[in-house]
Amino acid sequence: MKTTIKGVQEKIKKGETSHEEVFSSYLARIKERNETTNAFLTVFEKSKTVNEEKKELPLYGAFFAVKDNILIKEERCTAGSKILEHYVAPYTATVVEKILENGGVVVGKTNLDEFAMGSSTENSTFGPSRNPIDTERVPGGSSGGSAAAIADGMCNAGLGSDTGGSIRQPAAFCGVVGFKPTYGTVSRSGVMSMSSSFDQVGPFTNCVEDAETVFNVISGKDERDSVTSDLIKKETQENFRVGILKEYFVDGINQEVKRVLQEAIKKIEKAGLDVVEVSLPHTEYALPAYEIIMASEVSTNMARYDGIRYGLEFDRPAAKTMQDAYLKNRGEGFGKEVKRRIILGTYALSAGYYDAYYIRAQKIRTLIAEDFKSVFKKVDVVFAPTTPTLPFKIGEKVEDPLSMHLSDIFTVTANLAGLPAISLPCGKSGDFSVGAQVLADRFYEDKLFLAAKKFEKIWKS
Amino acid sequence: MIKKKEIERIAFFARLHLDDEEQKRMPEEIDSILQYIQRLRDVDINEIEPLFHFPELKNVVREDIAKTVDRETQKQMMAMGKDKDDYLKVESIL
């Protein structure tokens, strides 16, 4: 049962169902399916349903799967990591507060790659999540649990975090809509930091309009996240120019993905939209630059998990010194991928390498942001693939970190340049949907939603 | 190729114990990523400024004033560790 937020609202209004009935049907679906997909780590069966007085609120009828790196007071929050297995959150994230204030319900907390590091949701201490379309395959990641939950009809909305594609890539793999807002529009207070200059929270939904509704609720300045601002543009505009990113359709992209995307482009051209080819000359440097900056920020953000704060029991008798305790707690508490990134980041930031790696990568980040700046002088939105492949098999890439990281090759650019980007299904290859990505300039969410809604309508008809 | 010894040194700085298997595999895994990022050397970065943060973001400052929290918050904070009167007791570090 895949329903939109708006769809549920209308059904309740018409008296075809009630808020309680919708909630119990989602709980029943979770009971039936969660053992297979492993989307939820915690289910809130006793969540209060929202009474009728609230039916005019924008998120009335929205049932959320929230990624388990987003805090909800007095509930467990694990980040998919052994080091936080028993951690209970002392306060609620701003995004969740806003959802609850606006009539939304949280159904449960979802599985993820440990601390949001991964592209398949296999790096979780609680086992991998599975793609509901084909359970031998990954749902993508790192917000794979939220994507699988909504795709499998266990809820009609989700929250994830996106550092290099962790909302958009799983949305593409599971055939739903996933949106990463402009950096600095949505508060990260109560969201575990991974790479602070990239991290952004955003929704999973079953249509673009729902993503816009959720974004309007969760965005805005928050004094608890000092990079948030109220710079979001609210312009109404009828027409827009679409740029096709030339460099994103070259080697390395799966032929089926390419075929579906090209058909999607043909359809928007046929519908009379103004489409031109545009170029981002520094595209091939985006992922390597991202790797360095992300790992560097990861290595500093992960320093707080020492096994003394945040829950994990301190094994005093076994450790003779504090040093031993840290080594042991972190060595046993973190999984392989987190360790790899901490080591790479520590290396990149260490004396003698700092300029060669970190500073160089930040300079290349400038070049990538400038590439986009000049493209947005010519067009309002750009169109690109979300992922280079269809969902891969569980186990296929987990032993080969570089090939796993290449899953994010088309998504990291939006994080490097701080842009808003949405992934939506644009056609099918067998049972799988192919995700198309639409990007706009910083704070131009209005243009992005306008274009994405138009595309959605064209591709669905 | 990054050496096993160097990985061990960095792991120690990062306070990470690596088990035998990790010690064996990590150099190769880190190396494959380092090889991949070598291409950044091909870019001319002369006179380019690094993008540490976005230009419209301004530093946010406020007065450093101690706040009194309500009893409930106090209770939650105390629940995070062993407490002694109104203080949190932590492991000695010196």
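From a predicted model like this one, the values you see are computed outputs, not experimental measurements. (Residues numbered from 1 in each chain as written. Chains lettered and ligands numbered in written order. Predicted model: local features only at pLDDT ≥ 70, side-chain atom pairs only at ≥ 80, totals over all residues. Heavy atoms only, no water.)

Q: I'd like to hear about the overall build of chain A, residue by residue, with values.
A: Looking only at helices and strands, one finds 14 helices and eleven strands in chain A. Expected size for 461 residues packed as a compact globule is a radius of gyration near 23 Å; at 21 Å, chain A falls within 12% of this value. With respect to the principal axes defined by its C-alpha atoms, chain A has extents near 70 × 55 × 45 Å. For chain A, the residues scored as buried account for 66% of the 461 residues in total. Sequence-distant contacts, at least 24 apart, represent 76% of the contacts inside chain A between residues at least 6 apart. For chain A, the exposed surface amounts to about 16600 Å²; the carbon and sulfur share of it is 48%. (Helix = DSSP H or I, 4+ residues; strand = E, 2+ residues; numbered from the N terminus. Rg over C-alpha atoms; globule rule 2.2 N^0.38 Å. Buried < 20%, exposed > 50% of the residue type's maximum accessible area, 1.4 Å probe, protein only. Contact = heavy atoms within 4.5 Å. Areas by Shrake-Rupley, 256 points an atom, 1.4 Å probe, with all protein chains shown as cover.)

Q: Describe in detail helix α1 (residues 4-13) of chain B, supporting the description with residues and values.
A: In an α-helix, one turn spans 3.6 residues, which is why side chains three or four residues apart end up on the same side. Residues Glu6, Ile7, Ile10 and Ala11 of chain B constitute the buried set of α1 of chain B. Across the axial projection of α1 of chain B, the buried residues extend over an arc of 135 degrees, all falling on one side. Here the buried face of α1 of chain B lies against α10 (336-349) of chain A together with α2 (20-37) of chain B. Phi for Arg15 of chain B, located one or two positions after α1 of chain B, is positive at around 55 degrees. (Arc of directions from axis to C-beta.)

Q: How would you summarise the interface of chain A and chain B if you had to cite specific residues and measurements?
A: Opposite the 57 residues of chain A that make contact, chain B presents 46 residues. Each partner contributes to the roughly 4800 Å² buried at the junction of chain A and chain B, and carbon and sulfur atoms together form 69% of this total. Contact with chain B buries area across many residues of chain A, yet Ile343, Arg360 and Lys363 of chain A alone supply 13% of it, more than any other trio. Between Glu284 of chain A and Arg39 of chain B there is a salt bridge, with the nearest N and O atoms lying 3.7 Å from each other. Inspection of the region where chain A meets chain B yields 15 residue pairs in polar contact (both at pLDDT 80 or more). With twelve residues, the top contributor of residues to the side of chain A that touches chain B is helix α11 (residues 355-378) of chain A. For the side of chain A that touches chain B, the class distribution of residues is 33 nonpolar, ten polar and 14 charged. (Buried area = accessible area lost by both parts, 1.4 Å probe. Salt bridge = Lys/Arg side-chain N within 4 Å of Asp/Glu carboxyl O. Polar contact = N/O pair within 3.5 Å; in protein donor to acceptor, adjacent residues only side chain to side chain. Nonpolar A, V, L, I, M, F, W, Y, C, P; charged D, E, K, R; others polar.)

Q: Before we move on, can you summarise the side chain of Arg341 of chain A with the specific residues and values?
A: Residue and element names in this part refer to chain A. If you trace the backbone, Arg341 turns up in helix α10. Given a relative accessible area of 7%, Arg341 falls into the buried group. At 2.7 Å, the side chain of Arg341 and the side chain of Glu337 are in polar contact. Arg341 has contacts with Met117, Gly118, Met194, Met294, Ala295, Val298 and His405, leaving out every residue within four places of it along the chain.

Q: Can you explain the packing of aromatic side chains? Please cite residues and give values.
A: Centre-to-centre distance and the angle between the planes together describe a pair of aromatic rings. Residue and element names in this part refer to chain A. Evaluated as defined, the whole model comprises 21 aromatic pairs over all chains. With centroids separated by 5.4 Å and ring planes inclined at 55 degrees, the aromatic side chains of Tyr26 and Phe63 adopt a geometry described as tilted. Of the two residues, Tyr26 is situated in helix α2 (residues 19-37) and Phe63 in strand β2 (residues 63-67); the sequence distance between them amounts to 37 residues. This pair shows no difference in class: Tyr26 is buried, exactly as Phe63 is. (Phe/Tyr/Trp six-rings, centres within 6.5 Å; stacked < 30°, edge-to-face > 60°.)

Q: Give a detailed account of the packing of α10 of chain A against α1 of chain B, specifying residues and quantitative values.
A: Where α10 of chain A contacts α1 of chain B, the two axes come as close as 9 Å, and the packing angle between them is 95 degrees. One finds that α10 of chain A runs roughly perpendicular with respect to α1 of chain B. On the side of α10 of chain A, the interface is formed by Ile343, Thr346 and Tyr347 of chain A, while α1 of chain B contributes Glu6, Ile7, Ile10, Ala11 and Phe13 of chain B. Across the contact of α10 of chain A with α1 of chain B, the residue classes break down as six nonpolar, one polar and one charged. (Axes fitted to C-alpha atoms, helices over the stretch in contact; angles between N-to-C directions. Parallel < 35°, antiparallel > 145°, perpendicular 65-115°, else oblique.)

Q: Can you lay out the confidence of the model for chain B for me, pointing to particular residues and giving the numbers?
A: All names here are of chain B. Averaged over every residue, the pLDDT of chain B is 87; residues scoring 70 or more account for 91%. Mean pLDDT across the elements of chain B ranges from a minimum in strand β1 (residues 82-84), with 70, to a maximum in α1, with 94. In the model output, the complex is listed with pTM 0.95 alongside ipTM 0.89. (pLDDT = per-residue confidence, 0-100.)

Q: Give a description of the pairing of β2 of chain A that names residues and reports values.
A: Residues in a regular strand point their side chains to alternate faces of the sheet. All names here are of chain A. Taken across its five residues, β2 has five buried, putting it largely inside the fold. By the alternation rule, side chains of β2 split into Phe63, Ala65 and Lys67 and Phe64 and Val66, which are all buried. Sheet analysis places β2 next to strand β3 (residues 105-110), joined by five bridges and oriented parallel. Residue pairing for β3: Val66 is matched across the bridge by Lys109. Viewed along the sheet, the connection from β2 through helix α3 (residues 94-101) into β3 turns out right-handed. (Pairing = 2+ DSSP bridges. Right-handed = clockwise from strand over helix to strand, strands pointing away.)

Q: Account for the nonpolar core, naming residues and giving values.
A: Residue and element names in this part refer to chain A. Among the nonpolar cores identified, the biggest contains 135 residues, and Phe115, Leu159, Phe372, Ile422 and Trp459 are the most heavily contacted of them. Ranked by residue count, the leading element in this core is α11, at ten residues. Core analysis: the next-biggest nonpolar cluster, separate from the first, contains 27 residues, Val8, Val105, Ala148 and Cys174 among them. (Core = buried A, V, L, I, M, F, W, Y, C linked by side-chain atoms within 4.5 Å.)

Q: For α2 of chain A, give the residues involved together with the corresponding values.
A: Residue and element names in this part refer to chain A. The end-to-end C-alpha distance of α2, which contains 19 residues, comes to 25 Å, matching closely the 27 Å that a straight helix rising 1.5 Å per residue would cover. The axis of α2 is deflected most strongly, by about 40 degrees, at Lys31. For α2, the set of buried residues is His19, Val22, Phe23, Tyr26, Leu27, Ile30, Arg33, Asn34 and Thr37. Those residues of α2 that are buried lie in contact with α1 (5-13), β1 (40-43), β2 and β3. One or two residues past the end of α2 sits Asn38, with phi positive at roughly 50 degrees. (Expected span 1.5 Å × (residues − 1). Bend = angle between axes of the 7 residues up to and from the residue.)

Q: Please set out the pairing of strand β7 (residues 241-245) of chain A residue by residue, giving values where relevant.
A: Residue and element names in this part refer to chain A. Counted residue by residue, β7 has four buried out of five residues, so it is predominantly covered. In this sheet, strand β8 (residues 274-278) lies alongside β7 in parallel orientation, the contact comprising five bridges. Each bridged residue has a counterpart across the sheet, and for Gly243 the counterpart in β8 is Val276. A crossover connection joins β7 to the parallel β8 through helix α7 (residues 255-270); in handedness this β-α-β unit is right-handed. The pairing of β7 with strand β9 (residues 381-385) spans three bridges and is classified as parallel.

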